[in-house]
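# A closer look at the structure
Next come the chains, spelled out residue by residue.
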Amino acid sequence: MKALPKTFLWGVSTSSYQVEGDITNNDWDFFTRSLQISKRISTITKPSIFYKGGTQVDLQPAGDAAKFWDTKYYKRDFDLARRLGLNAFRISIEWARIEPEKDHWDQVAIDNYKEMIVAMREKNLIPIVSLNHATLPLWVMTPPQEFLRRTGQNLLPHPLRDLPLADPPSSDPYWKSLRGWENHETVERFIRYVERIIVEFRDLVDYWITIGEPVATIIGGGYISGLWPPGFFLKGKKARIVLHNLIEAHVQAYNKITALDNIDADGDGLANRIGFTHLMMEIVPAEQSKIFSIPVKDNTEAAKNFSYFANDYFINAVINGEEDLNYLNTLQRSNKNSKEFIVHEDWKNKADFIGLDYYRRVYVYANKIVSLTSAKFVGGVPINDLSIANNQSHNVLNTLGWEIYPKGLYNVIMRIKNKWNNIPIFITENGIADKHDGHRAPFIVSHLQQVKRAIDDGARIMGYLFWSFMDNYEWLDNYRPEGKFGLFSIDFEDRHHDDSDLIRHKTKGAEALELIIKESLSQSKDGVISDSAIAAAQNKFGIFTEDGSRIIYPWMTKWNNG
């Protein structure tokens, strides 16, 4: 097991499509620009008796995003990062830029990323590089525009009649692409891309993230919900193939990076540290459904299954080598006596750290439709937007309707520590959608308090990356103000003007993080979170209670002390 870094990594995370701008040849951009796809997504997310997901989705492309591809902008951003005291900055490399067509490599794009990383290092920012973050080149994945109808589907009520329940017609351009992670050739092509990147960047980068959120985002969004590319709905058979291929992609990428990256760019004695990012949640059962006050549905088992698939499955595969096909078929969790519980020796210990993305607690309920499909292994359905949940009690929400639950970060960290042999954890995303910047500062204080608690209890934490450095393109929520995650706020109305500058405005959250970093560094050279740093930030900005039920503001403490 590789040692922790010599200094605590304080940083931020970004992703290429969300911040760079001018990316028009990947699956996400195609997904948003296709009139057929946009119409379908808008139709199926229209509120109805079946769909209670919140805001109707209006797909938009990223366009210029935050103009981070522009040298002027990224150099300015690195300056701002250093002023906060950050020593790390996570970017992703856009495969579609590097290999815009099969076997065609764009050296200009490679060189631009090199210049970006050199500029980062000149500001004493350690580069954290993600090799794949949610998007694929169009030649790898062209999302289906149309789907065939099941027999009798036209007779079903909205939105069931509009759901992508069958395959695309043979004429759809989807079939001319590699069809993404469903095709094992994509794994082979991804490893060729990884090899090219490592050879080009190994003298500049030591921290590598292979794949971003393989289960929650790639599978959950693209093959279960139908709302992300490629846009399949409850396609369990496809999802199982994709899951296997994503595990293979990570394992083979780990092996390739280990073999090729032999240059210690940071001078800490290690040439590489390799992991993946994994969205993990505090998962609990939704409140029971009732008829005349009599409980009729217990959601406990659904929540356990959802947690096993979403939180545990991928880590079990790349640490323990486990492929629990028996669970996917029967919902028997981790039955090692089953012939379909397979242990792959060549999958074991293929991560130097778990990149933990944590945002919220979710409530999961059993769903009859899901249980009858080939995707029953997802276990249940999470309530995505609690602001419209009629029967579910909850604590404070962010502006996208997600419940704030700081203690969940501690719980998830300790779960990883205890279940997977205290493997190092790199908190690669933690953040809050906050339209008015009213909760961001106490959110940061309270979550870092829980990280400090976990460190004190023996967890091996490499660092903390806040999501995100600046407001950006937020996928299904595009540029809605409700989806503002940045330490630096951007008025995206400016992007409609040719002479726009997209100025970054410092938030209270940035001030809170800056205070914690600088106070922690004053206590020790390695800069690990200190109690005095948390106390100082709490006294200035306030803090959420650990269950997220309320914020304790500084004036409350002063008033109580009378």
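That block above? That's the structure.
Bear in mind that the values here come from a model prediction, so they are computed numbers and not experimental data.

### What about the overall build of the chain?
- Across its full length, the chain carries 17 helices and 19 strands.
- In terms of C-alpha radius of gyration, the chain reaches 23 Å, essentially the compact-globule figure of 24 Å for 562 residues.
- Scored against the burial criterion, the 562 residues of the chain give a buried share of 60%.
- For the chain, the proportion of contacts with a sequence separation of at least 24, taken over those separated by at least 6, is 74%.
- For the chain, the computed accessible surface area is about 22,000 Å², with 49% contributed by carbon and sulfur atoms.
- Considering the chain, the positive charge centre built from 66 side chains and the negative charge centre built from 71 side chains are found 4 Å apart.

### Brief notes about the sheet that holds strand β1 (residues 9-13)
- On the basis of which strands lie adjacent, the closed barrel formed by eight strands has the order β1-β2-β3-β4-β5-β11-β14-β15 and parallel pairing. Strand after strand, the sheet turns through a mean of 25 degrees between neighbouring axes, direction not considered.
- Sheet topology note: the β1/strand β15 (residues 461-467) ladder contains five bridges and is parallel. For G11, the partnering residue across the bridge sits in β15 and is L465.
- Packing of helix α10 (residues 300-320) onto the sheet brings it into contact with β5 (273-279) and β11 (353-357), and relative to β5 it is tilted by some 160 degrees.

### Some remarks on the nonpolar core
- Membership of the largest hydrophobic core comes to 154 residues, with the highest contact counts inside it found for F190 and I413.
- Considering every element that reaches this core, the biggest residue donor is helix α9 (residues 236-260), with eleven residues.

### Concerning the packing of helix α7 (residues 184-201) against α9
- Between α7 and α9, whose axes approach to 9 Å, the crossing angle comes to 25 degrees. With respect to α9, the axis of α7 lies roughly parallel. The two elements α7 and α9 cross, and the hand of that crossing is right-handed. Contacts between α7 and α9 pair H184, V187, F190, I191, V194, E195, I198 and V199 from the former with N245, E248, A249, Q252, A253, K256, I257 and L260 from the latter.

### Details of the packing of aromatic side chains
- Summed over all chains, the structure comprises 39 aromatic pairs.
- Ring plane angle 85 degrees and centroid distance 5.9 Å describe the contact between F68 and F78, whose orientation is recorded as edge-to-face. Taken together, the residues F68 in the loop between α3 (35-44) and α4 (71-83) and F78 in helix α4 connect sequence positions ten residues apart.
- Relative to F377, the ring of F309 lies with its centre 5.1 Å away and its plane at 50 degrees, an arrangement referred to as tilted. You can see F309 sitting in helix α10 and its partner F377 sitting in the loop between α12 (368-371) and β13 (381-382), a full 68 residues away along the chain. For the pair shown, F309 and F377 are each scored as buried.

### Overview of the side chain of N87
- Tracing the backbone shows N87 in the loop between α4 and β2 (88-92).
- Within the local environment of N87, its side chain forms a polar contact with the backbone oxygen of F8, the two atoms lying 3.0 Å apart.
- Setting aside residues up to four positions removed in sequence, N87 forms contacts with T7, F8, L9, W10, R82, N124, L125 and I126.

### Here we look at α7
- Along its 18 residues, α7 runs 26 Å from first to last C-alpha, staying within 8% of the 26 Å computed at 1.5 Å per residue.
- Of all the residues in α7, the buried ones are T186, V187, R189, F190, I191, Y193, V194, I197, I198, E200 and F201.
- For α7, the secondary structure elements touched by its buried residues are α5 (95-98), α6 (107-122), β4 (207-212) and α9.
- Between the side-chain oxygen of the N-cap and the backbone nitrogen of E185 there are 2.9 Å, and the N-cap of α7 in question is N183.

Rules used in this analysis
- Residues numbered from 1 in each chain as written.
- Predicted model: local features only at pLDDT ≥ 70, side-chain atom pairs only at ≥ 80, totals over all residues.
- Heavy atoms only, no water.
- Helix = DSSP H or I, 4+ residues; strand = E, 2+ residues; numbered from the N terminus.
- Rg over C-alpha atoms; globule rule 2.2 N^0.38 Å.
- Buried < 20%, exposed > 50% of the residue type's maximum accessible area, 1.4 Å probe, protein only.
- Contact = heavy atoms within 4.5 Å.
- Areas by Shrake-Rupley, 256 points an atom, 1.4 Å probe, with all protein chains shown as cover.
- Lys, Arg positive; Asp, Glu negative; His and termini not counted.
- Charge placed at Lys NZ, Arg CZ, Asp CG, Glu CD.
- Pairing = 2+ DSSP bridges.
- Axes fitted to C-alpha atoms, helices over the stretch in contact; angles between N-to-C directions.
- Core = buried A, V, L, I, M, F, W, Y, C linked by side-chain atoms within 4.5 Å.
- Parallel < 35°, antiparallel > 145°, perpendicular 65-115°, else oblique.
- Left-handed = near helix turned anticlockwise from the far one by under 90°.
- Phe/Tyr/Trp six-rings, centres within 6.5 Å; stacked < 30°, edge-to-face > 60°.
- Polar contact = N/O pair within 3.5 Å; in protein donor to acceptor, adjacent residues only side chain to side chain.
- Expected span 1.5 Å × (residues − 1).

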